[in-house]
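Spelled out, the chains give:
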Amino acid sequence: MRPAGLIDHDGTAVLTGDPAGAAALGLTLEPAGRFPRPTTEPLRLLSLTARASSVPPVKS
């Protein structure tokens, strides 16, 4: 796994990076600070099974 962003204490999601090629999305609870990869096991793990052609592009 690699970091894809964070959910702030107020529930705001800040996602970074390109999800292309990702097979799953995990949610972990991490200590304060920045780490190069998740430090805990996922609380939730969601499989991403949509085909790339059926997913609309992300607007930046």
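The model shown is predicted, which means the values in this text are computed figures rather than measured ones. Residue positions are given per chain, counting from 1 as you read along its sequence in written order. The predicted origin of the model limits local features to residues at a pLDDT of at least 70 and limits the giving and counting of side-chain atom pairs to 80 or more, whereas totals for whole chains, interfaces and linings rest on all residues. Calculated side-chain values reflect all of the structure's heavy atoms, with hydrogen atoms and water omitted.

A. Inspection of the overall build of the protein chain at higher detail. Per the secondary structure count, the protein chain includes 0 helices and 4 strands. Reading the helices (α) and strands (β) of the protein chain from amino to carboxyl end gives β-β-β-β. Out of the 60 residues in the protein chain, the part that is buried amounts to 0%. Counting contacts in the protein chain only where the partners sit at least 6 residues apart, residues at least 24 apart contribute 27% of the total. Methods summary: accessible areas were calculated by the Shrake-Rupley approach with a probe of 1.4 Å, and residue burial reflects only the protein chains presented. A total accessible area of about 5600 Å² is found for the protein chain, and carbon and sulfur atoms account for 60% of it. The helix and strand labels rest on DSSP assignments: H or I over at least four residues marks a helix, E over at least two residues marks a strand, and numbering proceeds from the N terminus. Relative accessibility decides the category of a residue: with a 1.4 Å probe and only protein chains considered, values under 20% of the type maximum give buried, values over 50% give exposed, and everything between is partly exposed. Two residues qualify as a contact provided that any one of their heavy atoms is within 4.5 Å of a heavy atom in the partner residue.

B. Fine view of a nonpolar patch on the surface. Residues qualify for a patch when their relative accessible area is over 30% and they have no salt bridge, like charges being joined within 9 Å and the nonpolar side chains of Val, Leu, Ile, Met, Phe, Trp and Tyr within 5 Å. Put simply, a salt bridge is a Lys or Arg side-chain nitrogen that is within 4 Å of an Asp or Glu carboxyl oxygen. A contiguous nonpolar patch, built from Ile-7, Leu-27, Leu-29 and Leu-43 and spanning about 420 Å² of accessible area, is present on the exposed surface. A relative accessible area of 53% means that Ile-7 is categorised as exposed.

C. Seen up close, the environment of Leu-27. Within the secondary structure, Leu-27 is located in strand 3 (residues 24-27). The class of Leu-27 is partly exposed, set by a relative accessible area of 38%. Once the C-alpha coordinates of Leu-27 and Leu-45 are considered, the two residues, 18 residues apart in sequence, prove to be 6.5 Å apart. Those residues within four positions of Leu-27 in sequence are excluded, and the remaining contacts are Ile-7, Pro-42, Leu-43 and Arg-44.

D. Broad picture of the environment of Gly-17. Looking at where Gly-17 falls in the secondary structure, it is placed in the loop between strand 2 (13-15) and strand 3. Taking the C-alpha atoms as reference points, Gly-17 and Arg-2, separated by 15 residues in sequence, lie 9.8 Å from one another.

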